[in-house]
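In case you want the letters, here they are:
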Amino acid sequence: MTRAMGAAMRRIHVGNALSAFGLGFTVPYLYVYVAQVRGLGSMTAGLVLAVFAVAALIVLPFAGRAIVRRGPLPVLIAALVTAAVGALSLGLAGDAAAVLAAAGALGAGQAVMQPALATMIVDCSSAETRSRAFAMQFFLQNLGLGVGGLIGGHLVDATRVSSFTLLFSIEAAMFLLLVVVMATVRMPRAPRVEDAPRGAAKGSWKQLLGNRAMVQLCVLGFVLFFACYGQFESGLSAYGVEAAGISTSALGTALAANTAMIVVAQFAVLKFVERRRRSRVIAGVGLIWAVAWVTAGFAGLGHGSQEMATAAFVSTYALFGLGEAMLSPTVAPLVADLAPSGMAGQYNSAFALVKQLALAVGPAVGGPMGASLHAPYVVTFLLFSLGISVLALRLGRRLTVAQDQPWQARNRVVARGGAAAEPVAAEA
């Protein structure tokens, strides 16, 4: 990595932390703000959460093409300005139409930030540094969300609209501050769609869908996000309250345990996964999450004391955090290594789209099951977790050595007296 790439990467990491810090101020309190503080009811609050998902699904297919054509930095700045306008408007909105429109702008901007920042990390890293760069991104995101949520919780007052307006104003200010920080980034020249063969832009989605390894990774990604992230604040929390009798304070402790596990374990885990096959690391995550669901089953379906049930439930969230720490330096670099030259933005956007689909479907399926069908809920997601392991091992058979074992590929190149090269994407 050159000095210029290192300087750009530091600014990108600052950007990740700032954006997560801003989101942490408002995300935990959005439902309460819309339903109770603004007095718009639970239905409108539910629609606001749905608008976030719908906005992301609408913009992400176009975001990838824009990143490929224009580069990630202009797209990121446009997304940040859109998100800032949405956040500020949400804090000032007083009726349902204004709230929904503001949520759409915030959701669209927030969704586009993810693939834009991921593509910037790809452009500013090498094969040797990419896993560590994405691990740092995930670490800072969770730290920013946790700190933002903690500070926001002390500032917010459900009896004063002005306190929520302050929160959304701070979030907007974080996005605008990030615009200033990103404007100073000097990105290294990366291949763009103009550098690709003629017709590559028009066929970018067709080309992506023809990459069987990428399609398999997208299917695997959907199951990953559906079975874990899509359950955190919906099915799993409902299951904990209804089946295990978990108090709201214990639920907060469980969420804190998840974040703490990620923050504490991230770089220790990184040293372990850097020298392992990526497909087997993901398969291992499936097994860890299967143990987490068994632990959740003990919490809600066992016959121990309430203290044991609470401890088991908190342990469930901590185990999920361990799996997340293993995924962060594994999945995102794999998406980048599967992308042909100049197409990282398209591939990152496609994977972000799959993530949003899973996060939209996960709560819709898991919420009702977790609240009322306790045993089937645990068994279903236990099987999904085992399915992750199966899908990961199948994906591993389609990956090249450079994609599944990048460190091994580099060692072979060095042994032959050459310079390490960027991995080549799998052919369809």
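Residues numbered from 1 in each chain as written. Predicted model: local features only at pLDDT ≥ 70, side-chain atom pairs only at ≥ 80, totals over all residues. Heavy atoms only, no water.

Engineer: A description of the overall build of the chain should follow, citing residues and the corresponding values.
Structural biologist: Helix and strand content of the chain: 18 helices and zero strands. Within the chain, the proportion of its 428 residues that are buried is 53%. Here the contacts in the chain between residues at least 6 apart in sequence split such that 85% fall between residues at least 24 apart. Approximately 17900 Å² of the chain is accessible, and the part contributed by carbon and sulfur atoms is 66%. (Helix = DSSP H or I, 4+ residues; strand = E, 2+ residues; numbered from the N terminus. Buried < 20%, exposed > 50% of the residue type's maximum accessible area, 1.4 Å probe, protein only. Contact = heavy atoms within 4.5 Å. Areas by Shrake-Rupley, 256 points an atom, 1.4 Å probe, with all protein chains shown as cover.)

Engineer: Can you break down the packing of helix H10 (residues 235-242) against helix H16 (residues 374-396) residue by residue, with the values?
Structural biologist: Orientation of H10 relative to H16, taken along the N-to-C sense of each, is 140°, at an axis distance of 11 Å. Between H10 and H16, the interaxial angle falls into the category oblique. Crossing angle aside, the handedness with which H10 passes H16 is left-handed. Here H10 contributes Gly-235, Leu-236, Tyr-239 and Glu-242 to the contact with H16, which in turn contributes His-374, Tyr-377 and Val-378. (Axes fitted to C-alpha atoms, helices over the stretch in contact; angles between N-to-C directions. Parallel < 35°, antiparallel > 145°, perpendicular 65-115°, else oblique. Left-handed = near helix turned anticlockwise from the far one by under 90°.)

Engineer: Let's hear about the confidence of the model for the chain: which residues, and what values?
Structural biologist: On average, residues of the chain carry a pLDDT of 83, and 90% of them reach 70 or more. Per-element confidence in the chain ranges from a low mean pLDDT of 58 for helix H18 (residues 406-415) to a high of 94 for H16. Ignoring residues within four places in sequence, the model shows residues 191-202, a span with pLDDT below 50, making 20 contacts including any to other chains. Taken as a whole, residues 413-428 scores under 50 in pLDDT and shows 28 contacts with residues more than four places along the chain or in a different chain. (pLDDT = per-residue confidence, 0-100.)

Engineer: Describe the pattern of salt bridges, naming the residues involved and giving the relevant values.
Structural biologist: Under the criterion given, the structure shown has four salt bridges. For Arg-130, the salt bridge identified is with Asp-337, shortest N-O distance 3.1 Å. One end of the pair, Arg-130, is in helix H6 (residues 130-155); the other, Asp-337, is in helix H14 (residues 331-338), with 207 residues separating them in the sequence. Within the structure, one salt-bridge network assembled from shared partners comprises Arg-130, Arg-278 and Asp-337. (Salt bridge = Lys/Arg side-chain N within 4 Å of Asp/Glu carboxyl O.)

Engineer: I'd love a proper account of the environment of Gly-230, names of residues and values included.
Structural biologist: Mapped onto the fold, Gly-230 is located in the loop between helix H9 (212-227) and H10. With a relative accessible area of 3%, Gly-230 lands in the buried category. In the structure, Gly-230 is positioned 126 residues away from Gln-356 in sequence and 9.4 Å away in space, judged by C-alpha atoms.

Engineer: Explain helix H15 (residues 344-372) to me, and be specific about the residues and the numbers.
Structural biologist: Residue pairs spaced three or four apart in an α-helix point in one direction, given the helix's 3.6 residues per turn. End to end, H15 covers 42 Å across 29 residues, agreeing with the expected 42 Å (1.5 Å per residue, within 8%). Its maximal kink placed at Gly-366, H15 deviates by approximately 30°, while the proline Pro-368 follows within four residues. (Expected span 1.5 Å × (residues − 1). Bend = angle between axes of the 7 residues up to and from the residue.)

Engineer: I'd like a description of the nonpolar core, backed by residues and values.
Structural biologist: Across soluble globular proteins, you tend to see nonpolar side chains buried next to one another. Counting 65 residues, the largest nonpolar core has Met-214, Leu-217, Leu-236, Trp-289 and Phe-313 as the members making the most contacts within it. Looking at this core, the elements with two or more residues in it are H9, H10, helix H11 (248-273), helix H12 (278-301), helix H13 (306-327), H14, H15 and H16. When near neighbours in sequence (up to four residues on either side) are disregarded, Leu-236 contacts Gln-231, Trp-293, Ala-296, Phe-313, Thr-316, Tyr-317, Phe-320 and Tyr-377. If you look at the next biggest cluster of nonpolar residues, it comprises 56 residues, including Tyr-29, Ala-102, Val-181 and Met-182. (Core = buried A, V, L, I, M, F, W, Y, C linked by side-chain atoms within 4.5 Å.)

Engineer: Can you lay out a positive patch on the surface for me, pointing to particular residues and giving the numbers?
Structural biologist: A cluster of basic residues, Arg-212, Arg-394, Arg-397 and Arg-398, forms a positive patch at the surface. Its place among the elements puts Arg-398 in the loop between H16 and helix H17 (401-404). (Patch = residues over 30% accessible without salt bridge, like charges linked within 9 Å, V, L, I, M, F, W, Y side chains within 5 Å. Lys, Arg positive; Asp, Glu negative; His and termini not counted. Charge placed at Lys NZ, Arg CZ, Asp CG, Glu CD.)

Engineer: Got a sec to walk through the packing of helix H4 (residues 72-92) against helix H5 (residues 96-123)? Specific residues and values, please.
Structural biologist: Between H4 and H5, the shortest axis-to-axis distance is 7 Å and the interhelical angle comes to 155°. Accordingly, the angle class assigned to the pair H4 and H5 is roughly antiparallel. In the crossing of H4 with H5, the sense of the turn from one axis to the other is left-handed. By residue class, the composition of the contact of H4 with H5 is 19 nonpolar, six polar and one charged. (Nonpolar A, V, L, I, M, F, W, Y, C, P; charged D, E, K, R; others polar.)

Engineer: Report on the packing of aromatic side chains, specifying residues and quantitative values.
Structural biologist: One pass over the full model with this rule turns up 16 aromatic pairs. When the ring of Phe-225 is compared with that of Tyr-229, the centres are 5.2 Å apart and the planes differ by 40°; the resulting orientation is tilted. On the accessibility criterion, Tyr-229 (23% relative accessible area) is partly exposed. One aromatic cluster is present, formed by Phe-222, Phe-226, Tyr-239, Trp-289, Trp-293, Phe-320, Tyr-377, Phe-381 and Phe-384 through successive ring pairs. (Phe/Tyr/Trp six-rings, centres within 6.5 Å; stacked < 30°, edge-to-face > 60°.)

Engineer: So what's going on with the environment of Phe-62? Residues and values would help.
Structural biologist: In this fold, Phe-62 is placed in helix H3 (residues 41-70). The exposed category is assigned to Phe-62, whose relative accessible area is 61%. Each C-alpha atom of the pair Phe-62 and Ala-350 lies 9.8 Å from the other, and the pair is 288 residues apart in sequence.

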